Amino acid sequence: VEVDSAILVLEDFETGLDLWELDGTEMDMFTTRFLASADFPGAAKLRYKFTRSGGSSVVSMQKDILVSGSPDYLTFRFKGNGYSHTLMWYFTDIDNELFRLLIPYSSSNTDWQTITLPWNYAQADWSNPGAQLTFPITFHHLDVYLGGGDVNETILDSIYFDDLAAEFYMDVSPEVPV
């Protein structure tokens with residue numbers, strides 16, 4: 001038995017960035033923008049501004065992305081800015097049950113990194129904690145809990161995203177001559 005894989009890019013973060021809607025908590029939404037990156041062509045830049053008040057500053061990046069089939073896991077590329085950000089994807093399954101995928105660590109790296117989203121990190125929403133994940137799924141939004149800053153400090157900075165992809169592994173049986 002051989003194993004082969006296929007990668008399907010679900011969001012390239014190059015085109016259609018205007019289809020993403022931004023919302024925020026404790027954010028300056030007049031200044032916060034999601035746009036093509038001039039620094040890293042082919043990637044998207046989330047420019048944000050907030051004044052730390054002691055609460056959580058969150059940017060919610062909203063866009064429905066259908067994930068067909070049953071991928072083994074998802075990946076995306078992320079470039080942080082040295083602050084510890086926490087990322088959480090929200091999605092529904094075919095039964096319209098809500099789930100979330102918490103990135104299992106804060107992303108403070110300033111280099112590009114590929115983040116893998118394994119399904120064992122998916123958690124059913126508190127409204128139905130016993131829900132079973134059934135494919136296909138639809139992503140609805142990514143919440144970015146922004147790190148950094150002391151109380152009353154204003155931060156204007158950027159983070160970057162590239163290539164949300166589904167990865168499928170398939171068992172391929174070699175042909176056996178008859």
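What you see is a predicted model, and the numbers here were worked out from it, not measured in a lab.

S.K.: Help me understand the sheet that holds strand β2 (residues 21-25), please; the structure alone is not making it clear to me.
M.R.: Sheet strands pair by backbone hydrogen bonding; their relative direction is either parallel or antiparallel. Taken in spatial order, the six strands of this open sheet run β2-β5-β11-β7-β8-β10, and their pairing is antiparallel. In the strand order of this sheet, the two ends are held by β2 and β10 (122-124), each with one partner. The mean inter-strand angle of the sheet, taken between neighbouring strand axes irrespective of direction, is 25 degrees. Sheet topology note: the strand β7 (residues 86-93)/strand β11 (residues 137-145) ladder contains eight bridges and is antiparallel. Paired with F91 across the bridge in β11 is F139.

S.K.: Quick question: what am I supposed to make of the pairing of strand β9 (residues 112-118) here?
M.R.: Every other side chain in a regular strand lies on the same face of the sheet, so the side chains alternate between the two faces. Of the two faces of β9, the one holding Q113, I115 and L117 is buried and the one holding W112, T114, T116 and P118 is not buried anywhere. Pairing analysis gives seven bridges linking strand β6 (residues 73-79) to β9, with the strands arranged antiparallel. If you follow F76 over to β9, its bridge partner there is I115.

S.K.: Explain the nonpolar core here, please?
M.R.: Soluble globular proteins tend to bury their nonpolar side chains together. By size, the foremost hydrophobic cluster in this structure holds 39 residues, and its most contacted members are F34, M61, F76, W89, F139, V144 and F161. Mapped by element, the contributors of at least two residues to this core are β4 (44-51), β5 (58-67), β6, β7, β8 (98-102), β9, β11 and β12 (154-172). Per-element tally for this core: the top contributor is β12, with six residues. When sequence neighbours within four positions are dropped, the list of residues in contact with F76 reads L87, W89, I103, Q113, T114, I115, L117, F161, D162, D163 and L164.

S.K.: Help me understand the packing of aromatic side chains, please; the structure alone is not making it clear to me.
M.R.: The geometry of two aromatic rings is summed up by the distance between their centres and the angle between their planes. Tallying each qualifying case throughout the model produces 18 aromatic pairs. Here F34 and F161 contribute two aromatic rings whose centre-to-centre distance is 6.3 Å and whose plane-to-plane angle is 65 degrees, an arrangement assigned as edge-to-face. Here F34, found in strand β3 (residues 33-36), pairs with F161, found in strand β12; they are 127 residues apart in sequence, far enough to count as distant. When its relative accessible area of 11% is taken as the criterion, F34 is described as buried. Ring geometry for F40 versus Y160: centroids 4.9 Å apart, planes at 80 degrees, classification edge-to-face. On the criterion of sequence distance, the pair formed by F40 in the loop between β3 and β4 and Y160 in strand β12 is long-range, its members being 120 residues apart. On the basis of relative accessibility, which here comes to 25%, the residue F40 falls in the partly exposed class. A network of ring pairs unites the aromatic residues F13, W20, F34, F76, F78, W89, F91, F99, W119, F135, F139 and F161 as a single cluster.

Conventions we followed
- Residues numbered from 1 in each chain as written.
- Predicted model: local features only at pLDDT ≥ 70, side-chain atom pairs only at ≥ 80, totals over all residues.
- Heavy atoms only, no water.
- Pairing = 2+ DSSP bridges.
- Helix = DSSP H or I, 4+ residues; strand = E, 2+ residues; numbered from the N terminus.
- Axes fitted to C-alpha atoms, helices over the stretch in contact; angles between N-to-C directions.
- Buried < 20%, exposed > 50% of the residue type's maximum accessible area, 1.4 Å probe, protein only.
- Core = buried A, V, L, I, M, F, W, Y, C linked by side-chain atoms within 4.5 Å.
- Contact = heavy atoms within 4.5 Å.
- Phe/Tyr/Trp six-rings, centres within 6.5 Å; stacked < 30°, edge-to-face > 60°.

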